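Below, each chain spelled out in residue letters.
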Amino acid sequence: MSYNHKSIEKKWQERWEKKEAFRADDVSDKKKFYCLVEFPYPSGSGLHVGHVRSYASFDTIARKRRMQGFNVLYPIGWDAFGLPTENYAIKTGRKPQDITLESTQTFRRQLKALGLSFDWSREVNTTDPEYYKWTQWMFLQFFKAGLAYKAKTLINWCPKDKIGLANEEAAGGVCDRCGGPVEKREKEQWMIAITKYADRLLSDLDTVNYLPKIKKQQQDWIGKSEGAEIDFWMGSRMGSGRLLCIRVFTTRPDTIDGATYVVLAPEHPLVELLTTDEHREEVEAYVAIAKKRTEMERGDESREKTGVFTGSTVVNPFNSEAVPVWIADYVLSTYGTGAIMAVPQHDERDRAFAEKFGLPIVDRPLVAIDEVVAKVKGNKVTRYKLRDWVFSRQRYWGEPIPLVWCDEHKWVAVPDEQLPVMLPEVEKYEPTDDGESPLASIASFVNTTCPTCGKPAKRETDTMPNWAGSSWYFLRYIDAHNKEQFASADKLKHWMPVDLYNGGMEHTTLHLLYSRFWNKFLFDHGFVPTSEPYARRHSHGLVLSDDGTKMSKSKGNVVNPDDILEQYGADALRMYEMFMGPFEEPVPWSANGLIGVRRFLDKVWMVSEKIGDSTMPRNENLDRVVHKTIKKVSSDIEAMKFNTAVAELMKCVNAMHEAHEVSRNQFELFLKLLFPFAPHLASELLESFFSVDSLNDWPQYDPTLVKDKVITLAVQVNGKLRGTIEIAPEADQSEAETMAREQEQIARWLDGQEIKKVVYVSGRMINFVV
Ligand code: ANZ
């Protein structure tokens, strides 16, 4: 028999909405619990089943916490600026604002149809001027603190999307958005000095509870290296009379005695000066090719080494030997000093290079680092791989950067009372090939007056990257409608830090790092109460299509949650996505798996028909099953092992199904456990048999019932009691025999004896006749 999910789910969703059942209290005696999931980008294609996995799983935790008496904040909103909407607007000739409105309506409808317990009164949208006013205000705090600066840099440029990308968005030389190759372009950009926080972003990882793989990725991305900078001088003066030196960065000063050559990155400023005429042609040809290669290619350890000799030598400052200077693209200009001392004896890459070009490989003992550094007058330095954050985009659909250029006063902040700087409505959004923002062609936007002197001035036309709005949205949820501040200090103090945060692994080096940095900055300036925004971070695995590949529109293998809600219901979809596999691992979609979960829910419905009255005798075995389920489900939710929690609930229902009768108490306990997973069905059954008020506590298991039952069995040798064993009542003779023989005090009596017979009286005794 199948239950009617449509009427039941609609009924409960309407009731929750009317009661504002999930509204969090800003003032409460209860302990707070701030449960956060990464807010979605409202794309035109609607909610993805991958969203459901994260949101439903955390909904389970949020609901359990409410039952446990916590004041829970579980909010949601829209991260709506960015390229997909802008590109879609260009394609369809519509306004990004209208498209966003439409997409958020779809997403909201879908999330509500899932019965997720979000506090909808705190919904935020990063494209709302009331929201981005504060994003702009925060940018100005960075600017005023000297952490936002404009610099000409080589940026990663995606020729297809016509957009500059941060390093994090161009990892491996490919565009994060379209997958196409990324070029280098020189461009003036706003940068934010995240590197000033590199050390704290690293060391404070010790103060938070993140999945180990998340911590590791952040550590690697920040990439701290302790080493030394050492100067290798030329032995003689150049024609100009100058004495040149190459400064190398090494993490292994102890190997310097074995440094048999020096390598410059092809872009190194000394390349030209050090190249002798004899080698110039060859060097120039090499440099031209090397510059075209992506950093990924160049960093690839397995690639055949290439390089050229400059014709010059420098002196190894430790042993005064002359060493040749080479140019090779495995040395990157963007790291360290862009020059290395090569130690083929100790470094794989240097060895491969030396072998290929016939450079000396010498075996010399290591020298203590401090001794080397003192002798060669080197500087100990700490280097980071982390780069400053490229913060401007020459695109339309983002927050305008609230600065004004005045020839006299340079960059001037727009005064607070003039925020937000509104994004003007425009006819055309097309990015330009010269890389200028579409806003640059709107005279009414560009032309303004200098806030300092009142003379004519021009607005900055770059917009912010879409990582801006998401860097602080967890703060806005706390006080979503505040018009005076981004959030009040009292409320921030009440709710921060986020107790538990879930999101995709793909955000570990982007959003997660940016928002930690952003929060630390606000903390340093007294705007937020905690240095770290998230006490605990977890990550869910992707939901793949049934053939194990990524779901994508072009392949037509996207599962639409609407269809499933219609046919199987929200409870089935939610619970299936928790059951499909370990939470942090990618799992393929399985239609059969979904059907199996739906059948389980139908079985729950059927169990309700065999609920006995309170006069029936206690079925102790079923009691044990129920209490073991309480124990396992409780600890599994805490450990985010949602799949095994669901499996346990299934086992319990099977036991109930097989039992002759199920007591009211047993069923009530079960429904309470089911509620965080399948809230509609559980509420419906609780209401018809008990009361939904009973959801005010989380079931506790009886410790005596979860212990496996054991009895004491007497062990005799030749009829004399020699000891006892604790054993399950249903144990057979061989189990009892094995256990008895393992007991030392019994083994002593049997040692060296020939056993003639064993008498076993189940539940009473075992007798060895020797
Ligand atoms: C000599 C040496 C001997 C090195 C040895 C390593 C091992 P991490 O740990 O990643 O910071 N290096 C320095 N700058 C470089 C650049 N711009 N491009 C490519 N390689 C560069 O790596 C630091 C080490 O990588 C440095 O220490 C340097 O090689 C190389 F047995 O110096 B080492």
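Heads up: these notes are all about the structure in this document. (Residues numbered from 1 in each chain as written. Predicted model: local features only at pLDDT ≥ 70, side-chain atom pairs only at ≥ 80, totals over all residues. Heavy atoms only, no water.)

A word on the overall build of the protein chain
Phase 1: Assigned secondary structure in the protein chain consists of 26 helices and 28 strands.
Phase 2: When its C-alpha atoms are laid out on the principal axes, the protein chain stretches across 105 × 80 × 50 Å.
Phase 3: Counting the 770 residues in the protein chain, one finds 54% classified as buried.
Phase 4: If you sum the accessible surface of the protein chain, you get close to 34400 Å²; carbon and sulfur atoms cover 50% of it.
Phase 5: Measuring between centres, the 100 positive side-chain charges of the protein chain sit 2 Å from its 110 negative side-chain charges. (Helix = DSSP H or I, 4+ residues; strand = E, 2+ residues; numbered from the N terminus. Buried < 20%, exposed > 50% of the residue type's maximum accessible area, 1.4 Å probe, protein only. Areas by Shrake-Rupley, 256 points an atom, 1.4 Å probe, with all protein chains shown as cover. Lys, Arg positive; Asp, Glu negative; His and termini not counted. Charge placed at Lys NZ, Arg CZ, Asp CG, Glu CD.)

Here we look at the site of the ligand
Phase 1: Around the ligand lies a shell of 17 residues, among which Ser225, Thr250, Leu332, Tyr335 and Lys385 are the nearest.
Phase 2: For the ligand, an oxygen atom lies 3.0 Å from a polar atom in the backbone of Thr251.
Phase 3: Between the ligand and Leu332, the relevant distance is 2.7 Å, taken from a nitrogen atom to a main-chain nitrogen or oxygen of the residue.
Phase 4: If the ligand stood free it would expose 650 Å²; the protein chains cover 85% of that surface.
Phase 5: Put simply, the parts of the chain that give the shell around the ligand at least two residues each are strand E10 (245-250) and strand E14 (339-342).
Phase 6: Across the shell around the ligand, the residue classes tally to 8 nonpolar, 5 polar and 4 charged. (Near = heavy atom within 4 Å. Polar contact = N/O pair within 3.5 Å; in protein donor to acceptor, adjacent residues only side chain to side chain. Nonpolar A, V, L, I, M, F, W, Y, C, P; charged D, E, K, R; others polar.)

Some remarks on the side chain of His540
Phase 1: Here His540 is to be found in the loop between strand E22 (536-539) and strand E23 (543-544).
Phase 2: For His540, the residues in contact, after removing those within four places along its chain, are Gly50, Ser54, Asn502, Gly503, Gly504, Phe583 and Glu584. (Contact = heavy atoms within 4.5 Å.)

Overview of the side chain of Gln716
Phase 1: One can find Gln716 in strand E25 (residues 711-717).
Phase 2: The exposure class assigned to Gln716 is buried, which follows from its relative accessible area of 18%.
Phase 3: Discounting chain neighbours no more than four positions away, the residues touching Gln716 are Leu721, Arg722, Met765, Ile766, Asn767 and Phe768.

Some points on the sheet that holds strand E20 (residues 456-459)
Phase 1: The strand order across the open sheet built from 4 strands is E18-E17-E20-E19, with neighbouring strands paired in antiparallel fashion. Looking along the sheet, the strands with just one partner apiece sit at the ends: strand E18 (410-413) and strand E19 (447-449). Ignoring which end each strand starts from, the neighbouring axes of this sheet average 45° apart.
Phase 2: Examined bridge by bridge, E19 and E20 share 3 bridges and lie antiparallel to one another. Across the sheet, the residue bridging to Thr449 is Pro456, located in E20.
Phase 3: Together, strand E17 (403-406) and E18 form the strand contacts of helix H5 (residues 129-144), whose direction differs from that of E18 by roughly 135°. (Pairing = 2+ DSSP bridges. Axes fitted to C-alpha atoms, helices over the stretch in contact; angles between N-to-C directions.)

Here we look at unusual backbone geometry
Phase 1: Put simply, Leu419 and Pro420 share a cis peptide bond, and its omega is 0°.
Phase 2: Among the structural elements, Pro420 can be located in the loop between E18 and helix H13 (443-446).
Phase 3: Along the chain, Met496 connects to Pro497 via a cis peptide bond; the corresponding omega equals -5°.
Phase 4: Positionally, Pro497 belongs in the loop between helix H15 (489-495) and strand E21 (500-503).
Phase 5: One non-glycine residue with positive phi stands out, namely Glu20, at about 50°.
Phase 6: Residue placement: Glu20 occurs in the loop between helix H1 (5-19) and strand E1 (32-37).
Phase 7: Its relative accessible area of 43% is what places Glu20 among the partly exposed residues.

Some thoughts on the environment of Ser437
Phase 1: One can find Ser437 in the loop between E18 and H13.
Phase 2: In this structure Ser437 comes out as buried when scored by relative accessible area, which is 2%.
Phase 3: Ignoring any residue separated from it by four or fewer positions in sequence, one finds Ser437 in contact with Gln394, Arg395, Thr461 and Asp462.
Phase 4: From its side chain, Ser437 meets the backbone oxygen of Thr461 in a polar contact 2.7 Å long.

Some points on the packing of aromatic side chains
Phase 1: Under the defined criterion, the tally for this structure stands at 50 aromatic pairs.
Phase 2: The interplanar angle of 85° and the centroid separation of 6.1 Å between the aromatic rings of Trp78 and Phe107 together place this pair among those described as edge-to-face. One end of the pair, Trp78, is in strand E3 (residues 77-78); the other, Phe107, is in helix H4 (residues 96-113), with 29 residues separating them in the sequence.
Phase 3: Residue Phe107 is classed as buried on the basis of its relative accessible area of 0%.
Phase 4: Where Phe667 meets Phe689, the ring centres are 5.9 Å apart and the plane angle is 85°; that geometry is what we call edge-to-face. Placement of the pair is Phe667 in helix H22 (residues 664-674) and Phe689 in helix H23 (residues 679-689), with a sequence separation of 22 residues.
Phase 5: With a relative accessible area of 24%, Phe689 lands in the partly exposed category.
Phase 6: Here the basic side chain of Arg65 rests over the ring of Phe33, its NZ or CZ set 4.7 Å away from the ring centre.
Phase 7: The residue whose ring lies beneath Arg598 is Tyr3, and the NZ or CZ to ring-centre distance is 4.1 Å. (Phe/Tyr/Trp six-rings, centres within 6.5 Å; stacked < 30°, edge-to-face > 60°. Lys NZ or Arg CZ within 6 Å of the ring centre and 35° of its normal.)

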